[in-house]
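Here's the letter readout for the chains.
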Amino acid sequence: MSAGVELDHITVRFGQFTAVDDATLDIRGGEFFSFLGPSGCGKTTILRTVSGFLDPSQGKVRIGGQDMAGIGPNKRPTALIFQNLALFPLMTVADNITYGLRVRGVSKEERRKRAGELLDLIALPGQGDKLVSELSGGQKQRVAIARALAVQPKVLLLDEPLSALDLKLRQHMRNELRAIQQQVGITFIYITHDQGEALTMSDRIAVMSDGVIQQVADGKTVYDHPDTPFVASFVGENNPFAGKVVSADGEHAAIETAHGVLRGRNDRKLKAGDRAILFVRPESFRLGAGASDATIVSETLSSAFEGNATHVFLKGSTKKDITVTVARHGSHRIPAQGEAAAIHFDPSMGVVLPEGKMARE
Amino acid sequence: MSSRLFVFLVPLVVIAIFWFMARAEKGKHHDPTHKGFFERNGTALGIVFIALVAFWTLFLVTLPYLYMVVESFHPKLPPAQRGGPTDVLTIAQYKSFFINPVDNEINTTHIWAFVFSIITSVLVTAVNFAICYPLAYYMAQAGTAQKVRLIMLALIVPYWVNEILRAFSLRLLLASKGLINQALMGLGITSTPIDFLSINVGLYVGLSYAYLLVMIFPLYNAIESLDKNQIEAARDLGAPWWKIHRDVVIPYAKPGIASGCTMVFMLAAGSLAAPQFLGGPSTLWFTSIVYDFFFQAFNWPRGAAYAFILLTACIAFVLLMLRMFKVSLGETIK
Amino acid sequence: MSSKLVMKAMIGFYIALFFLYLFGPLAVMSVTAFNTPSYPQAIPFEGFTLDWFVKLWNHRAMMEGLKNSIIIGLGVVAVSVPVGLAAAIIMNQIYHRARSTFYLVTVSPVLTPGVIIGISTVIFWKDMMGMTDVTKAWFYKGIILAILGQSSFVAAYALLIIMARLQRFDRAQEEAALDLGASHPQVFWHILLPFLKPAMISAGVIAFLSSFENYNTTTFAILADKTLVTVLAGEVRQGTTPALSALAVIIIGLSLLGAIIYEVMKRREEAQAERSKENAKIAERSDLGEAGPAGLK
């Protein structure tokens, strides 16, 4: 059984500080949904509001259509996997897993049976009598998931649960989480600052910054059609070219930048005179000159060979260099350091967005 | 009795003020993470917690103190006349500390006893600091973990022997027939036994001996958290050992020093066992005077007044220490 | 090099001197417990005897005092540990501005001379219990007053000990239990209390020992009753007998026994923690797909 989660104009304030600003969102039942954003963007606040640890200052949370106002965390059909897992160190693995059943008054025998089933599900058969301190990081992770699933929640909330693991294990756990989600079929709401996690696992992603939801879409759309400069610069590598729109039609806009007039898609329907930023991804550039409104000429600073591709860095108009990723196939000569190089791109691979805040600056 | 009503009203008014302050604060800063006390603990447990703490803070701490203060402003009366027309508020008990009501002379005996107690306690505190600092430093910075644990046990075990027996053991050593006099006479240093107890050597040693542990643990805790690299760095820079202590260790360990000194002073100034069993026959210790007012003169109001004078002196000393070391009370008691 | 050696020798000498100061008097007293003369003397050792232990056993007042001391000790544990626990929890949750005042009130008994606590306890409870004849007859007793008086500062010790552990409590544990459907009382009994248990046991031991040893407060609060310590005080005031040394020997023996038990328990606990860590390491290796013992299964 799964349930959808609706956020209806949620605002959360801590004193003067607004952690979440008017978030409205509809998460479908059975969906793997991620909130992606840098730390402090408000994603954890949203999670805590859904799980009932925080009351929103304004707005409503509905789970399966039911308003959650006044319903405490222990009465909601949600289960939360904490960032530090919050396993109970003084209980055995089996007692941890069946704690939710214990407080519901389930008999001891029934609990033992359920513990056995869940231990099988997480591939830790017969390890119920161990202490939590005897488990590896990955095993703890799985115990935390089993503990949450034991209460048969309609929505599972995950607060950066993989952040404590090392890289290799993290990649393995991504596949495992996705598999578990498909197996149990309930709604997963996943919080992360790691775009790789969000892109690989999620059906849809909400990108957040400064308490505001910037965009809600599937991973491919977020990457290819970002709505705001923040999304464009936060998800994946991107080269920004700021300027003023000189001409625009329904499909494309041309903007005057430090590198001349350049053209890109006009997804946000900008008009001439608007201040704007053109984003072109490193892999969208090709070496050599092309159409005049899609060509940049600049000095080569350096290049880095990375096996399947080579990154070439050209001098940009701001402090940030222009990054060009040259795929291995193709017979391009990599420009030498100090040499003036021309690069071009397909204007349908560049996007012109209204001026706004960018990530990591 | 109206004073009883007054005593009960004071804490209630204070609690009420805090209640309203908390309410006002809650209204001003809305914080969605903050759950109400009863919401967080459940109603039943919340009530039990508050009842327990209220019983403690009111009936075991605040009200007895206030009662003692009120008692000290009463005249000494036989039980039948209490609450009668002669039971008026008076500062006679405090006056009697300065001017002896019997002969109207300045009460030099009691004033001297007070000054002697305070000065002795300060000296004992200083001596204990000097004795304990090197060991605390050794334990915290130089000793291996195993050695430290052994020393720790060796320190704690003697303190499970109570104060009276410890005083008794010192008396056996220092008495005129005691081991030390035997040794001194055996070595021919003195021909007649030295009466260590009547010249107060017993008292000084007893006070210092009783509160060694109280000094050493706060010092150890404070020095222990000092990064060893800081001392190494100072040594690399060529600082001599005494400069390292003066400029690095002691400033860092300030809260621990303040804590140890405060505790030793308080315990010494309020001690009863050492002066009773190790003090000379003519030595008047201030707490012993208070004790006698209760058990021999049956003058409770005057005893209460003297106790309050002692308490005030102790509070003044604590505040002075805190000011001197520039630490807060919270850092001192841990 | 030689200056380092001199330094080391000096440190060794100082530590030896320190522990001579600490143990010397107790050692001398212990010897007197086994020596025959009725004045407690260590030298000359005139003959070995256990008579003083028999005398101690037959000392009626002292045995009665011991019984009272144990009752009072248990009473103080029963009052001060729950009070300390409740105070620690309230301290942790109360508004910042009230916290410092609350702290001041609760730790003030630690900084108050014991005689003052004893005096104020007697004055206050005499008036409280004197209000009706029933309370006066049933509750105005030395044992009860001693429990109340000692608890006022022992509860502060308990508060400080429990508070230290409570500050290390991970709020996420509480939230995890709530999230799994536990009620607030269930969180308290299942999660918080087991976490605080070690601190509460330490607080209980400290409470009992502080109560058992206390003289300054008890000598006032005990009224006409007696405890072991007040009987001892009376004995020491009257004179000296090796029976007191015998008592000290027993107490020292019990302390050593306690210390050894504590050490053994601590070592066992450490070995257990070490084993868990070892197992976790093995599990970690098999997680990463390397051949470890767990991976063989």
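Residues numbered from 1 in each chain as written. Chains lettered and ligands numbered in written order. Predicted model: local features only at pLDDT ≥ 70, side-chain atom pairs only at ≥ 80, totals over all residues.

An unreviewed UniProt entry lists chain A under the name ABC transporter ATP-binding protein, with Aestuariivirga litoralis as the source organism. As stated in UniProt under Sequence similarities (unreviewed entry), the record for chain A gives "Belongs to the ABC transporter superfamily." Here is the UniProt Subcellular location (unreviewed entry) comment for chain A, exactly as written: "Cell inner membrane". (UniProt positions renumbered as here; feature names shortened; annotations may be inferred.)

J.: Quick question: what am I supposed to make of the packing of helix 7 (residues 142-166) of chain C against helix 9 (residues 184-213) of chain C here?
T.: To characterise two packed helices, one gives the angle between the axes of the helices and the distance between these axes. Residue and element names in this part refer to chain C. Across the interface, helix 7 lies against helix 9 with an axial gap of 9 Å and an inter-helix angle of 155°. With respect to each other, helix 7 and helix 9 are oriented roughly antiparallel. For the pair helix 7 and helix 9, the sense of crossing is right-handed. Counting all contacts with helix 7, which are made through Gln150, Val154, Tyr157, Ala158, Ile161, Ile162, Ala164, Arg165 and Leu166, the residues of helix 9 involved are Leu196, Ala199, Met200, Ser202, Ala203, Ile206, Ala207, Ser210 and Ser211. Residue composition of the contact of helix 7 with helix 9, grouped by class: 13 nonpolar, four polar and one charged. (Axes fitted to C-alpha atoms, helices over the stretch in contact; angles between N-to-C directions. Helix = DSSP H or I, 4+ residues; strand = E, 2+ residues; numbered from the N terminus. Parallel < 35°, antiparallel > 145°, perpendicular 65-115°, else oblique. Left-handed = near helix turned anticlockwise from the far one by under 90°. Contact = placed C-beta atoms within 7 Å. Nonpolar A, V, L, I, M, F, W, Y, C, P; charged D, E, K, R; others polar.)

J.: What am I meant to see in the domain arrangement of chain A here?
T.: Reports often express the size of an interface as the amount of accessible area lost when the parts come together. Domain assignment breaks chain A into domain 1 (5-224) and domain 2 (237-354). Using only C-alpha atoms to locate each centre, domain 1 of chain A and domain 2 of chain A end up separated by 39 Å. (Domains from an automatic or database assignment.)

J.: Sorry, what's going on with the domain arrangement of chain C here?
T.: Here chain C is partitioned into domain 1 (1-49 + 242-288) and domain 2 (62-239). Using C-alpha coordinates to define each centre, domain 1 of chain C is positioned 29 Å away from domain 2 of chain C.

J.: Quick question: what am I supposed to make of the environment of cysteine 314 of chain B here?
T.: All names here are of chain B. Take cysteine 314: it is sitting in helix 16 (residues 300-325). A residue is classified by how many C-beta atoms lie within 10 Å of it, and cysteine 314, with 21 of them, is buried. Each C-alpha atom of the pair cysteine 314 and valine 7 lies 23 Å from the other, and the pair is 307 residues apart in sequence. (Buried ≥ 20, exposed ≤ 12 C-beta atoms within 10 Å, placed from the backbone.)

J.: What is the right way to read the environment of alanine 309 of chain A from this model?
T.: Residues and elements named next belong to chain A. Its location among the elements puts alanine 309 in strand 17 (residues 309-314). On the basis of neighbour counts, which here come to 16 C-beta atoms within 10 Å, the residue alanine 309 falls in the partly exposed class. In this structure the C-alpha to C-alpha distance between alanine 309 and alanine 254, which are 55 residues apart in sequence, comes to 30 Å. Excluding residues within four positions of it along the chain, alanine 309 makes contact with Thr325, Val326, Ala327 and Arg328.

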